[in-house]
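One letter stands for each residue in the lines below.
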Amino acid sequence: MANGQWYPPEWPDRIRALADGTLTPVSPRRAATVLLLKDTESGPVVHMLRRRASMAFAGGAYAYPGGGVDPRDDDRLVRWAGPTRAWWAERLGVDEPGAQAIVCAAVRETYEEAGVLLAGPDADSVVGDTTGDDWEADRAALVARELSFAEFLDLRGLVLRSDLLGAWTRWITPEFEARRYDTWFFVAALPQGQRTRNASTEADRTVWIRPAEAAAGYDKGDLLMMPPTIATLRQLTPYASAAAALAAAPGRDMTPVMAGARLVDGEIVLSWPGHDEFTKHIPTAATNAEADVPTTAGPRARTTAETKGGSPA
């Protein structure tokens, strides 16, 4: 059975255009996403949302809370606790204002899309329940960009708890994609007293699910995901608790992963360095009409396993 890998149906045409020099890559926008974890009797579970089927990009695919950096995330120093901006700059491979913006984006987007806030009155505490009407008004103002995250923290008398985040991995959207993101993935544990909810206008469902269970759903073709999502789920499966995953984060390699494409013997070979399971062999003559998989999964493409005579992962 085919797995649940999603990629846009227009990629083959864009890859060909990039190869012949008629497509100029757009610059990727910085973004952050958070793998929010909590412990259960059967092990840690991760919070995921399903993008609405009506979404033009990755409709129906499962993902994590996240989004682009707000230009105001680095225009002033925010109230901050945990490792310094200089430490985060080295860890994330950017300058200090960039590090603040990326960490702010991770915390802000988790609050905007899941209602979970990694901040507290001081460096040793975290806010409790954030579901009241006054909290919702502030969250809506953040979403509408009527309120910057720094202003929100000042208004609430809170400090951002950067120590509650662990930088996990970094993926950059391929050069042939129309909308590109340079995305840092973080892990975090659900703070005590807080609860998630579907606060995103882009999602029609949210779930708490064991990483291994989600990966199995992808392998069966039941859960649609993009490569970074399933890759991070597989990376989480060895950890027996949220704390164990967070403890492992500082040792994670943050070298960016970006797909590349090349033309080989009448096929487009699409590959992600270090992630052979996502390699695709796409016939250059493929069209949506010829595809034998749903349009949301892109044109039919042979995986590395199929090329080698095995079954798809």
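Located above this text is the structure these notes cover.
Reading the values: the criteria
- Residues numbered from 1 in each chain as written.
- Predicted model: local features only at pLDDT ≥ 70, side-chain atom pairs only at ≥ 80, totals over all residues.
- Heavy atoms only, no water.
- Helix = DSSP H or I, 4+ residues; strand = E, 2+ residues; numbered from the N terminus.
- Contact = heavy atoms within 4.5 Å.
- Buried < 20%, exposed > 50% of the residue type's maximum accessible area, 1.4 Å probe, protein only.
- Arc of directions from axis to C-beta.
- Polar contact = N/O pair within 3.5 Å; in protein donor to acceptor, adjacent residues only side chain to side chain.
- Phe/Tyr/Trp six-rings, centres within 6.5 Å; stacked < 30°, edge-to-face > 60°.
- Axes fitted to C-alpha atoms, helices over the stretch in contact; angles between N-to-C directions.
- Parallel < 35°, antiparallel > 145°, perpendicular 65-115°, else oblique.
- Left-handed = near helix turned anticlockwise from the far one by under 90°.
- Salt bridge = Lys/Arg side-chain N within 4 Å of Asp/Glu carboxyl O.
- Core = buried A, V, L, I, M, F, W, Y, C linked by side-chain atoms within 4.5 Å.
- Pairing = 2+ DSSP bridges.

**Student:** If you had to explain the environment of Ala-249 to someone new, which residues and values would you point to?
**Tutor:** Note on placement: Ala-249 falls in the loop between α8 (242–248) and β11 (257–258). Sequence separation between Ala-249 and Thr-169 is 80 residues; the distance between their C-alpha atoms is 8.8 Å. Discounting chain neighbours no more than four positions away, the residues touching Ala-249 are Arg-91, Gly-166, Ala-167, Trp-168 and Val-187.

**Student:** Got a sec to walk through helix α5 (residues 149–156)? Specific residues and values, please.
**Tutor:** Among the residues of α5, those classed as buried are Phe-149, Ala-150, Phe-152 and Leu-153. In a view along the axis of α5, the buried residues occupy a sector of 160°, so they form one face of it. Looking at the packing, one finds that the buried side of α5 touches α3 (96–114), β6 (119–120), α4 (133–143) and β7 (159–161). Remark: Gly-157 follows α5 within two positions and exhibits a positive phi of approximately 65°.

**Student:** Hey, could you go over the side chain of Arg-170 for me, with residue numbers and the actual values?
**Tutor:** Residue placement: Arg-170 occurs in strand β8 (residues 166–172). According to the relative accessible area criterion, Arg-170 is buried, its value standing at 12%. Looking at Arg-170, its side chain comes within polar contact range of the side chain of Asp-182, at 2.7 Å. If we ignore the near neighbours within four places in the chain, the residues touching Arg-170 are Leu-92, Asp-182, Thr-183, Trp-184, Met-254, Thr-255, Pro-256 and Val-257.

**Student:** With reference to specific residues and values, describe the packing of aromatic side chains.
**Tutor:** Under the criterion given, the structure shown has eight aromatic pairs. Both rings, one in Trp-87 and one in Trp-88, keep their centres 4.9 Å apart while their planes meet at 90°; by these two values the pair is edge-to-face. Judged by its relative accessible area of 40%, Trp-87 falls in the partly exposed class. Owing to a relative accessible area of 1%, Trp-88 belongs among the buried residues under this scheme. Arranged with centres 5.4 Å apart and planes meeting at 25°, the rings of Tyr-111 and Phe-152 form a pair that is stacked. Note that Tyr-111 is positioned in helix α3 and Phe-152 in helix α5, a separation of 41 residues in sequence. On the accessibility criterion, Tyr-111 (1% relative accessible area) is buried.

**Student:** Pulling in residues and values, what's your account of the packing of α3 against α4?
**Tutor:** Taken N-terminus to C-terminus, the directions of α3 and α4 make an angle of 120°; their axes are 9 Å apart at the nearest point. Classed by the angle they form, the pair α3 and α4 counts as oblique. Crossing angle aside, the handedness with which α3 passes α4 is left-handed. Facing Arg-108, Tyr-111 and Glu-112 of α3, the residues of α4 in contact are Trp-135, Arg-139, Leu-142 and Val-143.

**Student:** An account of the pattern of salt bridges is needed here, citing residue identities and associated values.
**Tutor:** A complete count under the given rule lists 16 salt bridges for this structure. With a shortest N-O distance of 3.6 Å, Arg-145 and Glu-109 are connected by a salt bridge. Placement of the pair is Arg-145 in the loop between α4 and α5 and Glu-109 in helix α3, with a sequence separation of 36 residues. A relative accessible area of 31% places Arg-145 in the partly exposed class. The buried category is assigned to Glu-109, whose relative accessible area is 6%. Residue Asp-219 is joined to Arg-234 by a salt bridge in which the shortest nitrogen-to-oxygen separation is 2.7 Å. Taken together, the residues Asp-219 in helix α6 (residues 211–219) and Arg-234 in helix α7 (residues 227–236) connect sequence positions 15 residues apart. Residues joined by salt bridges that share partners form a network here, namely Asp-70, Arg-72, Asp-73, Arg-108, Glu-109, Glu-112 and Arg-145.

**Student:** Break down the nonpolar core for me, with residues and values.
**Tutor:** Residues Trp-88, Leu-92, Leu-117, Phe-149, Phe-152, Leu-165 and Phe-186 are the most contacted members of the largest nonpolar core, which totals 41 residues. Elements represented by at least two residues in this core include exactly β1 (29–40), α2 (85–92), α3, α4, α5 and β9 (181–189). Element by element, the count of residues in this core is highest for α3, at nine residues. Ignoring anything within four residues of it in the chain, the contact list for Trp-88 reads Trp-80, Pro-83, Ala-99, Val-103, Ser-162, Leu-165, Ala-167 and Phe-186. Ranked by size, the runner-up nonpolar core spans 36 residues in total, among them Leu-37, Tyr-218, Ala-242 and Phe-278.

**Student:** Which residues make up the pairing of strand β13 (residues 267–272), and what are the values?
**Tutor:** β13 sits mainly inside the fold: five of its six residues count as buried. Pairing between strand β12 (residues 260–264) and β13: five bridges, direction antiparallel. Across the sheet, Val-264 pairs through a bridge with Glu-267, a residue of β13. What sits between the antiparallel neighbours β12 and β13 is a turn of two residues, in which Asp-265 has the positive phi angle 50°. As defined by bridge partners, β13 adjoins strand β14 (residues 275–283) across five bridges and the pair is classed as antiparallel. Looking across to β14, one finds that Ile-268 is bridged to Ile-282. The hairpin formed by β13 and β14 contains two residues between the paired strands, and Gly-274 there has a positive phi angle of roughly 80°.

Read these as geometric descriptors, not functional statements.
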